[in-house]
Amino acid sequence: MLDRRQVLRAAAASPAVLFSGSALAREEKRAGGAIVHTRDVPNSEPAPGKLVENWITPVEHFYVRSHAPTPRIAPADYRLTVGGMVDRPLELSLADLRAMPQQTVTATMTCAGNRREEHSRVKPVGGVQWQAGAIGNATWTGVPLAAVLRKAGVAEGAEHVWFDGLDRVQRASGVIPFGASIPLGKAMADHAGTPGALVVHIMNGQPLTPDHGFPVRTVVPGYIGARSVKWLGRITVSDRPHTNHYVATAYKLVEEDTAAAWAAADPLETFVLNSVTCVPAAGDTVAPGVVTVRGYALAAGLPGRTVRRVELSIDEGRSWFPARFSEDARPLCWRLWSAPVRVTPAMRSLVVRAIDSTGAVQPETVEWNLKGYQFNAWHRTPVSVG
């Protein structure tokens, strides 16, 4: 019997495998170049080629991840409350936040479920069946979370910062907001001028759109997108991680759906080393000859980590050659890459992997998990030559 690692290797080598299980029976339609997975609860990703046209991802091509319908919030009525283990509870309007010192950072955001569809080739998992487009690089402008916390005054013994959104997520247990939390040390960190987290109201120089969290969201550079809560309504300082479902019993790596497994697993924080080929995309037909292959690569979301090298293979990893980059390496940001590849009728696939600034190499395979999170095995694109 094959073990999980062998099954994953076999599935990755056969990217055209299709499943009809319920986990994959989600809406997936193309609209204006986007891949729309669900509409009432907006979840969409750009077509692969759109993703690598610009180092800064235009808002219209930035993936949308939601757990509930998009709330409509009147700017004049908006209030952000800050409470819990603080000396001075706050209630901040949008004007109050805009009046505080602002900072702009460039950072890549990626969903923990990016590439989940590949996970489901091994054994179907629930959730949005993301291809490889649940990622984007943007400029974010707002107030450093540390400044908000200093204004409130953090009490002794505090260790975590909770975020609650103004969305309303319908679950079997009732209606809840989407929530997240990060360690206080991350909230107060400032590595090379990048804050641990921002309370954001501007994306790519314009006010946030409703689907991206208008009027205010958090952005936590280096962490999975689930920790960057949209439609931010409350910040709570605590001595423990959030009790919200999306921290306590979701966004964790588990193999069994049991209370004990969920309780024992740590909440996901930083994203992982990854790289993907976007052009050509799976299903494209390419002509024989030299083809420019393009994609993205992202180092793990740890301070100082960058992508040092991207390598491609046309013989299933037996040999590799390097890609070139379109920009210098920057921590917490992706790098777009390209490489000329001579396509022949004998080719069957393109394989890509990334190496970071510490020498860490993107793994050939990964262990299966119940939610299909953090999939970062070598990316394989089937090649059809015609």
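In what follows, the structure referred to is the one given above.
So, here is what we can say about the structure in this document. From a predicted model like this one, the values you see are computed outputs, not experimental measurements.

Cut-offs used in this document
- Residues numbered from 1 in each chain as written.
- Predicted model: local features only at pLDDT ≥ 70, side-chain atom pairs only at ≥ 80, totals over all residues.
- Heavy atoms only, no water.
- Core = buried A, V, L, I, M, F, W, Y, C linked by side-chain atoms within 4.5 Å.
- Buried < 20%, exposed > 50% of the residue type's maximum accessible area, 1.4 Å probe, protein only.
- Helix = DSSP H or I, 4+ residues; strand = E, 2+ residues; numbered from the N terminus.
- Contact = heavy atoms within 4.5 Å.
- Disulfide = S-S within 2.5 Å.
- Salt bridge = Lys/Arg side-chain N within 4 Å of Asp/Glu carboxyl O.

**Details of the nonpolar core**
Nonpolar side chains tend to gather and get buried jointly when the protein is soluble and globular.
Item 1. Grouped together as the largest cluster of nonpolar side chains are 56 residues, with contacts concentrated most on Leu145, Phe163 and Ile235.
Item 2. For this core, the leading source of residues is helix 5 (residues 145–152), giving 5 residues.
Item 3. Core analysis: the second largest hydrophobic core is formed by 19 residues, Val286, Val293, Ala299 and Val310 among them.

**Structural notes on the environment of Pro195**
Item 1. In this structure, Pro195 sits in strand 13 (residues 194–195).
Item 2. Classification of Pro195 as buried rests on a relative accessible area of 6%.
Item 3. When the C-alpha positions of Pro195 and Val220 are compared, they lie 8.3 Å apart, and in sequence the two are 25 residues distant.
Item 4. In this view, Pro195 contacts Gln103, Val105, Pro144, Ala189, Asp190 and Pro221; residues no more than four positions away in its chain are not counted.

**Concerning the state of the cysteines**
Item 1. This model, assessed by the stated rule, comprises 0 disulfides.
Item 2. No disulfide involves Cys278; its sulfur sits 16 Å from the nearest other cysteine sulfur, which is in Cys111.
Item 3. For Cys278, a relative accessible area of 2% gives the class buried.

**A word on the pattern of salt bridges**
Item 1. For the structure on display, the rule yields 8 salt bridges.
Item 2. Of the charged contacts, one joins Lys50 and Glu53 as a salt bridge, the two residues approaching to 3.9 Å between their closest N and O atoms.
Item 3. Here Lys50 falls in the partly exposed class, since its relative accessible area comes to 33%.
Item 4. With its nearest N and O atoms 3.0 Å apart, the salt bridge here joins Arg380 to Glu316. With Arg380 in strand 26 (residues 379–382) and Glu316 in the loop between strand 21 (307–313) and strand 22 (321–322), this pair connects stretches of sequence that are 64 residues apart.
Item 5. Residue classification places Arg380 among the buried positions, given a relative accessible area of 7%.
Item 6. Salt bridges here are not isolated pairs; linked through shared partners, they connect Arg309, Glu311 and Arg353.

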